[in-house]
Amino acid sequence: MAKKIKLSFVKKAAAQFCKLRRVEDLASLLSVEAYHLQMLALKPHYHIFTVPKKSGAKRWIEDPDDRLQDVQSQIAFRLALVYHLCRSAAAYGFMLGVKSDTQPRNIVTNARRHLGQPWLFNADLQDFFHQVKTERVFRIFSAPPFGFEQDLADLLARLVTHQGRLPMGAPTSPVLSNFATLTMDERLLQVSEWANWTYTRYADDLCFSSQQAFSDKDLAKIREIVEGEGYTFNEQKLQLLGPTEQKVVTGIQLGTTDIQVPDGFVEDLRLDLDRLRHVIEVANAMGQQEKWIDRFRQQVEGRVNFVEFVLGENDTLTAEMHHRLDDALDPPDEFGAKSWLDFGYF
């Protein structure tokens, strides 16, 4: 778990960043030559590749090279400090951990906001990062709370965008997407307050819940605001759910009184924990260390940690998953001869 930051540091460092006015000021803050920043902005280098989505489609990833990523990481941290002080009441994704925050924003607290509501409307924004164009990023840096001069705003916009929009893979893109949706969040919150809805946004996932059914007029109003802010819905992921239907918010199932791990998740995780134990046993027996096994281990560990995050460390299911993981990662000392062909899931 990431170490939480003191609010006093957040305020001081955020104010320091917002006081920047010239390119030289940014270079001094980042301990980088101004010329170096200009060259990175002029010729940004990205390693571009694809990863498969659950739907079978491909997601383009634009991974900045080490020099650009280092600069972007420093900028992203300072942007996160600033956003914490002006964050939307609806935003729950890409949040900074602050010690004094009595109402932390994360995937769990986002889902809990919608407990007890019989009606739920889930919407997903299409190509979220790519819909945030360089011009919008420039306006973000030019306006409060930053108010940077044109040269500095232009340099920052070019440092954090690629091919005219936020790149999927840059460390700056998540927090900048939160800044880019401040106005949209505010407008949707105003409508939700008037209509007595609950509205939250976790990255590109918009969730609305209500005690009353959503009318066609209600849904049209939500669409009007979203599209008026320059975003479009992923029409394949729109969900309108009623009182008798199972509800899932950002991957977390809403129970009667509390959140739950989604149906099928635990069963799949148990199977993968068994698979992990078998492949580690075989790898140890054969004296081989395969990179794909380490990647598989990281994926399974992440899902076990997800169960703990949702249910808590004292839950019996959490304990079971950790026990199975420990058993998989610490196999017996003695192995019999095995063949990779013994395992039918390869």
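The structure we're discussing is the one just above.
Engineer: Would you explain the overall build of the protein in this entry?
Structural biologist: If you tally the helices and strands in the protein, you get 13 helices and nine strands. Residue burial in the protein is summarised as follows: out of 346 residues, 44% are buried. Of the contacts formed within the protein by residues at least 6 apart in sequence, a portion of 71% connects residues at least 24 apart. Accessible surface computed for the protein: about 18600 Å², of which carbon and sulfur atoms make up 50%.

Engineer: What should I look at first to understand the packing of aromatic side chains in this one?
Structural biologist: One pair of aromatic rings is described through two measures. These are the centre distance and the angle between the planes. Tallied over the entire structure, the rule returns 17 aromatic pairs. Relative to F148, the ring of F17 has its centre 5.6 Å away and its plane inclined at 85 degrees; by these criteria the two rings are edge-to-face. Pair noted here: F17 is in helix α1 (residues 7-18) and F148 is in the loop between α6 (134-142) and α7 (150-160), with a separation of 131 residues, a long-range link. The same class applies to F17 as to F148, namely buried. Centre to centre, the rings of F141 and F148 are 6.1 Å apart; their planes meet at 25 degrees, and the pair counts as stacked. One exposure class covers both F141 and F148, and it is buried.

Engineer: What's the story with the side chain of S210 in this structure? I'm lost.
Structural biologist: Within the secondary structure, S210 sits in strand β5 (residues 205-210). Among the polar contacts listed, one links the side chain of S210 to the backbone nitrogen of Q212, at a separation of 2.9 Å. Residues contacting S210, with those up to four places away along its chain left out, are Q117, P118, W119, N196 and W197.

Engineer: I'm lost on the sheet that holds strand β3 (residues 119-124) in this one. Help?
Structural biologist: Adjacent strands of a sheet pair through backbone hydrogen bonds, lying either parallel or antiparallel. Spatially, the four strands line up as an open sheet ordered β4-β5-β3-β6, and their pairing is antiparallel. Each edge of the open sheet carries a strand with a single partner, namely β4 (198-202) and β6 (239-241). Taking each pair of neighbouring strands and ignoring which way they run, the sheet shows an average axis angle of 10 degrees. Of the pairings in the sheet, the one linking β3 to β6 comprises three bridges and is antiparallel in character. Across the sheet, the residue bridging to N122 is Q239, located in β6.

Engineer: Quick question: what am I supposed to make of the sheet that holds strand β7 (residues 248-249) here?
Structural biologist: Here we have three strands laid out as an open sheet, ordered β7-β8-β9, and antiparallel in their pairing. Looking at strand neighbours, the two that pair on one side only are β7 and β9 (259-260), the edges of this open sheet.

Rules of the game
Residues numbered from 1 in each chain as written. Predicted model: local features only at pLDDT ≥ 70, side-chain atom pairs only at ≥ 80, totals over all residues. Heavy atoms only, no water. Helix = DSSP H or I, 4+ residues; strand = E, 2+ residues; numbered from the N terminus. Buried < 20%, exposed > 50% of the residue type's maximum accessible area, 1.4 Å probe, protein only. Contact = heavy atoms within 4.5 Å. Areas by Shrake-Rupley, 256 points an atom, 1.4 Å probe, with all protein chains shown as cover. Phe/Tyr/Trp six-rings, centres within 6.5 Å; stacked < 30°, edge-to-face > 60°. Polar contact = N/O pair within 3.5 Å; in protein donor to acceptor, adjacent residues only side chain to side chain. Pairing = 2+ DSSP bridges. Axes fitted to C-alpha atoms, helices over the stretch in contact; angles between N-to-C directions.

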